[in-house]
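So you can see what is in the structure, the chains are spelled out below.
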Amino acid sequence: RGHNLKLCTFYRRNPVRRFLSAVPPLGALKAAPHQTGADNLSDSPPETKVAESRPLAPSRDFRLESTGVHMACSAILHSSIAVSAAVCLLAAALLCPAAAFSPTAIPASPLRTASLRLATARGSLVPKLRLPKLGSRVPSVSSLRMAISDEAQISTSGGAGGFFTGSNPEDRRVQPENANGRKKFKVVYVVLESQYQSSMTIASKRINAGQDNVCIESVGYLLEELRNPETFEAFKKDVAEANMFIGSLIFVQELAEKVVEVVQPLREKLDAVLIFPSMPDVMRLNKVGSFTMAQMGQSKSVIGEFMKKKRQENGASFEGSMLKLLRTLPKVLKYLPSDKAQDARSFMMSFQYWLGGSPENLESLLLMMANTYIYEDTVTDEIAAPVLLPDLGVWHPLAPRVFEDAEEYNQWYNTEQAPLVGIDPKTAPTVGVILQKSHVNTNDECHYTSLIQEIEARGARVMCVYTGTLDFSVPVDNFFRKSGVVPDSVINLTGFALVGGPASQDHDKAVKTLAALNRPYICAVPLVFQSFEEWKSSELGLHPIQVALQVSLPEIDGAIEPIIYGGRDGVTGRTVPLPDRINLVADRALKWANLRIKANKDKRLAISIFSFPPDKGNVGTAAYLDVFGSIHAVGKELKRQGYDLGNFPNTADGLMDTILNDKEARVGSPYLNVEHRMTVDEYSQMCPYSEELIENWGPAPGQLNSDGQNLLVYGKRFGNVFIGVQPSFGYEGDPMRLLFSKSASPHHGFAAYHTYLERVFGADAVLHFGTHGSLEFMPGKQVGMSGSCYPDRLINSMPNLYYYAANNPSEATIAKRRSYAATISYLTPPAENAGLYKGLKELGELVSSYKGLRENSARGPSIVNSIISSARVCNLDKDIDDLPTEEEDAKDFDLDKRDDVVGKVYRRLMEIESRLLPCGLHTVGVPPTAEESIATLVNIASIDRPEDSIKSLPRIIAESIDRNIEDIYRGNNNGVLADVSLNQDITEAVRGSVRALVQRSTNSIGRVEAVNPVAAMMESMTGTPWTNALKKSGYDKIQDSELAPLFSYLEFCLQQIVKDNELGALVDALDGKYILPGPGGDPIRNPDVLPTGKNMHALDPQSIPTSAAVDCAKTVVDRLLERLYQDNDGAYPQSVAFTLWGTDNIKTYGESLAQVMWLVGVRPVPDSLGRVNKLELIPLEELGRPRIDVVVSCSGVFRDLFINQMNLLDRAVKMAAEADEPLEKNFVRAHAAEQAEQMGISVRDAATRVFSNAAGSYSANVGLAIENGGWEGEQQLQEQFTSRKGFAFNSDKPGQMDMAQDMFKSSLAKVDCTFQNLDSSEISLTDVSHYFDSDPTKVVAGLRNDGKKPMSMIADTTTANAQVRSLSETVRLDARTKLLNPKFYEGMLNSGYEGTREITKRLRNTMGWSATAGEVDNFIYEDANDVFIADPEMQKRLMESNPNAFRDMIQTFLEANGRGYWDTSEENLDRLRELYQDVEDKIEGVV
């Protein structure tokens, strides 16, 4: 009833003969008492006596009194709608009175109309349908269009703003139509998932229809509905009138608090409170007579600790034992005389009924509680015992029973079901499906049945398993891995992590189980917090809480492809299949299965490479990756594995040659190599959404990837492997498109490219090569794609593998969720210390000389004078405010002042020298050498790891000389010469000892191998190499035992660094195997990132910020405010503009998130399950300063990954704004009050400070404009920033991003400081465009009333010694360590084509900072010009390696001058203009 999904369209494509002999006969026999319809309102109630508990078979032996019901149901059961419609959608109708089942009794719906029509024409109903075979590559375009049409026909009415669900509890209210003098009791229930809604409704109607002495009013609330203020008020009223309250799975902290707020004061008044697994605070509400859980979670108990220990030891077997105990204990307690025992028995019986889930079970639950706790007199004589399914089983909608043995199931399936549906069990692939038992219990399995039908329709076997616990590893082990038929792919339809469900997880156990199974593991998602109408109409897509619980957590298990496949009907609460999504899940599961079955020689692989910005010199763009060298390595491995690569080139250069059409673009070529010319007719016939692109791009073929007549697919095919160049976004150089607040659709060329991959080339899989392409950033929902989202449309059914940089888990996660990628991490290049060079090196030598002669009254001052002069030549005077002028003479300084001068210079030199920088580019499958591992290990050794009880090596060394490392760092930062020197000595000692460790494991060819046991034995007598190295450095008090934990850890890390599974993981994935998951991030902070070759995941978003991150955040914020306080004449900033990044918060576990909270003076607090979703205001007395206002600009990736944390931030700001405090002590409140008055809104609404892009859009497009030169002036860039980033998040309407540009500008106009974080040595300010793309420095200056440019600060937490620098300081440091550093640019030039592009990119990104902040010194451009342009030999090298990139470099220099960012000589400009013409001639082939 109330079902508005046009299922008939969907089901008409499915074969029906499979159902004809499997359905039990229907007869006009009197119903068994426990199967009587819920709405049978006969005055004489049915009998309810059931002798004992028994298993419930899933088949439905419907014995009905009504011929009308019989005819309708019989027709449906014999049609293609079959079991799913009869069992799931007509369950309510089957339980209605016979007289009510008429054409006017049930609202019209497509399903009902079809049912009645079919009932009149049995026998000649459906023609014989042919099953599609597995070998079919893709569905027809007509079926694709029909799938899109199907989804479009789903009703979208009832959607609500934000993420308030639009469903109405009144639809669940059941009232007795006629009490007839019966006693009436009221029950209110709150559930997380809606499958209990229908069962509770039916159970209540059964009581009202069948009981002589009692009737019931019941009303149910879905947990998410309590966010709505009006619904919450209704909930309060209902509970106040209730006799009994029931709650289940209340695991959302803020909503749990609402439940407690309402129920706790009324608990004593209520006759009974039943709470099934929920948050501890909610569980403590339980009240069943004298039985309570009031002490739950508040104190330790012997029994509690014992059970916790047993659970850890035995895992799922323990949970299974508890289930058995739950079933047997009530029988024991029955014979104990005490009231408490009987009350405990009643609670456990209630839990059994609840777990049973069927209307019959819930009816018995309600009657039992009424009998025992609501009324003193017995209201019914006998109550049915729980009717339960087996706790563990294999289920099929047409099976005669639930199987508890896999062999028995396979026997039934292969001999009965397979022949029925035309499947050959000997050759058919098998798909394993994991189900949630509660849906089977409550007969809410329509979405399961629909997917089973679709899989079988494609010629594949299905094995569906479930468990009564939340440890799904048990049925996976028992039924999948140990059965005679191991599935070829696995789909988890529960949406939960494999072990633990929503409350607690055991990811290690899950990974162990899935690795043993070794099959692709898809975790599809049913909608829980939204109806399907609300999901479809939402731009954000899946509800944020569900993203956290049912996308993020399964990803840690190694799950892929979070596709929505079923949705909650807004009226009935039943879960209904989403037709096109069901099709997609089935298609993709079988494509993965096909990779296991198909011979390698026959598999077709499409490799996509990127060109960004779109230019011939940028083909093969990927972060820190030698793309062509890596593809060549992959190609060689694939050939070794038996793949057909045809005439694959013998060298990487040869490969590049064929794709670029001419090696490194040295000779003019109008296009890259064109592999396919797609006519417009071919394109429109094969691409089902081609007409929808016309609105943005005009008719095909358009201007992009087109020759004016055809659409061009660039790339080259080698046998069964196609290497193609993915088209760009298409709007990079268009100022108007860059300004749009929402991104446009893909252009025709982009759609044609992906259409070619699937429908012309016929790819069995796609490999996206390197970080990153454009597909996953195309418009669509954030998470939970629909069939109209472009990432979903473009990738369609093709398995998507993606090589992604290990240090970028946030964008990798976007690829996983939006384009269904199974990521394979690759290592970033080995890091080295930047070192000193040229004038900096000479300056370092002067400092060393001074340290030996500092007390020499003649030589000391002379050297100091030279140091001052050289420091100015090296432009260090810009970093040292009080550096003496060259006119001053050091002879006039005393020793302390000379030491002070030299200490500050030395500190800056060591800052440059010790900074890590990646050298060269990584090649997939080539691990670092032993030598290349040292710098990374040194930094791993320099970080404290209290969670592992490991002290950092600098701390151990400092303690050995009775110093505290923090004091040394502090002195170093202040330029105290003694501490700067000591810090450098410690650094050198750390390097020496780590080198000794690595050399111990290095073989003759420079590779790491296992340590010889004999050598290890000798060390027990002679001491370890690292201890001896420390002694040579002068630190001889440190014992081996002190170093053992650290160096054991370092030895493990060394082995992980040099391991290699990047090629192995790809081969496994293409063989249809499971890719081991692993975290992404900074391998220095988290060595678990290593080894690479893992299916990368982020983290549980509800786990951040961690307590350690909060501590680090406090340190950084205190240093920031101290610096600003000093630089601003003793005044605190009133407002700070903050940028939050996804990757940074993953790497640091939420440090920058915690920084925002610390600025406003709010502390994050974990809930009872350890999830961070509570807040407390820090008192001003404890804070010791005013609350600082913030304007938070979240990256689009942060928005996608951490929308729950955006909620937390918004709540934190609102909490501060509403605090009753003096305005001079609370800048948040002061500004919000001012804005509230100006805008005529409340202070709470005026305290809107969390902003991002519109859903499905990313970045401010400032980077795109600068990278492509497509900007007219800085005003355009600033307008792009405010228009694209001006969408506000409001925790009062969670999940909704509203355009709020006026509020954004108003808040920015009050900013005194802009602030960003650097957390990793691998990515700094000029490595990527993201940082300046989101920098609002000049935006703020343009908005402030006084036009003053705000201070710009950067926190650097790349080392244990966290620093806060100005933006200009950081840009200088970045330029000195990378762009101007021979170690960096020579390393890049050794990589040839791609390396030249990397150098050019950093120059252009440097200019980006000039454009957005004006914080780039002239000398940086001047020195870069001297290095790359003024040197004829360097010109030649750049010209030969990548002339297109060299042209872009020259153009950047000229643009920097033309825009006023670089002041230089006419001689330099003339040289640049001449060079530009020379390069143009070279590219065009003019001799």
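The preceding data block contains the structure.
### Things to note about the sheet that holds strand β14 (residues 525-531)
Within a sheet, adjacent strands bond to each other through the backbone by hydrogen bonds, running parallel or antiparallel.
Turning to step 1, where the next piece is worked out: With mixed pairing, three strands are arranged side by side in an open sheet as β14-β15-β16. The sheet is open, and its two edges are formed by β14 and β16 (575-577), each paired on a single side. Shown here is a sheet whose adjacent strand axes are inclined to one another by a mean of 35°, direction ignored.
Turning to step 2, where the next piece is worked out: Here β14 runs beside strand β15 (residues 564-568); their pairing, made up of three bridges, is parallel. Its bridge partner being in β15, S531 is matched across the sheet by R568.
Turning to step 3, where the next piece is worked out: Against the sheet, helix α17 (residues 446-457) makes contact with β15 and β16, and its axis sits at roughly 20° relative to β16, the strand it touches most.

### Description of the pattern of salt bridges
Turning to step 1, where the next piece is worked out: Taken as a whole, this structure holds 85 salt bridges when the rule is applied.
Turning to step 2, where the next piece is worked out: Here R991 makes a salt bridge to E988, at a shortest N to O gap of 3.0 Å. One end of the pair is R991 and the other is E988, both in helix α37 (residues 977-1000) and three residues apart, which spans about a single turn.
Turning to step 3, where the next piece is worked out: For E988, a relative accessible area of 38% puts it in the partly exposed group.
Turning to step 4, where the next piece is worked out: With a closest N to O distance of 3.4 Å, K1401 and E1398 form a salt bridge. With K1401 and E1398 both in helix α57 (residues 1393-1412), this residue pair falls three residues apart, about one helical turn.
Turning to step 5, where the next piece is worked out: Several salt bridges converge on common partners, so that one network encompasses R907, R908, E911, R915, R1123, D1127, D1356, R1365 and E1369.

### A word on the packing of aromatic side chains
Turning to step 1, where the next piece is worked out: Scanning the model with the defined rule gives 36 aromatic pairs in all.
Turning to step 2, where the next piece is worked out: In this arrangement the basic side chain of R604 is found over the ring face of F761, its NZ or CZ atom lying 5.9 Å from the centre.

### Comments concerning the pairing of β15
Turning to step 1, where the next piece is worked out: Taking burial as the measure, the five residues of β15 include five buried ones, the bulk of the element.
Turning to step 2, where the next piece is worked out: Bridge analysis of β15 against β16 gives three bridges, and the strand direction is antiparallel. When the bridges of β16 are listed, G566 appears paired with P577.
Turning to step 3, where the next piece is worked out: The hairpin formed by β15 and β16 contains six residues between the paired strands, and G573 there has a positive phi angle of roughly 80°.

### Observations regarding helix α56 (residues 1382-1389)
Turning to step 1, where the next piece is worked out: The set of residues buried in α56 consists of F1384, Y1385, G1387, M1388 and L1389.
Turning to step 2, where the next piece is worked out: Where α56 is buried, its residues contact α31 (838-853), β25 (916-918), α55 (1367-1379), α57, α58 (1418-1428) and α59 (1432-1441).
Turning to step 3, where the next piece is worked out: For α56, the N-terminal capping position is held by N1381, with its side-chain oxygen 3.1 Å away from the main-chain nitrogen of K1383.

The rules behind the values
- Residues numbered from 1 in each chain as written.
- Predicted model: local features only at pLDDT ≥ 70, side-chain atom pairs only at ≥ 80, totals over all residues.
- Heavy atoms only, no water.
- Pairing = 2+ DSSP bridges.
- Helix = DSSP H or I, 4+ residues; strand = E, 2+ residues; numbered from the N terminus.
- Axes fitted to C-alpha atoms, helices over the stretch in contact; angles between N-to-C directions.
- Contact = heavy atoms within 4.5 Å.
- Salt bridge = Lys/Arg side-chain N within 4 Å of Asp/Glu carboxyl O.
- Buried < 20%, exposed > 50% of the residue type's maximum accessible area, 1.4 Å probe, protein only.
- Phe/Tyr/Trp six-rings, centres within 6.5 Å; stacked < 30°, edge-to-face > 60°.
- Lys NZ or Arg CZ within 6 Å of the ring centre and 35° of its normal.
- Polar contact = N/O pair within 3.5 Å; in protein donor to acceptor, adjacent residues only side chain to side chain.

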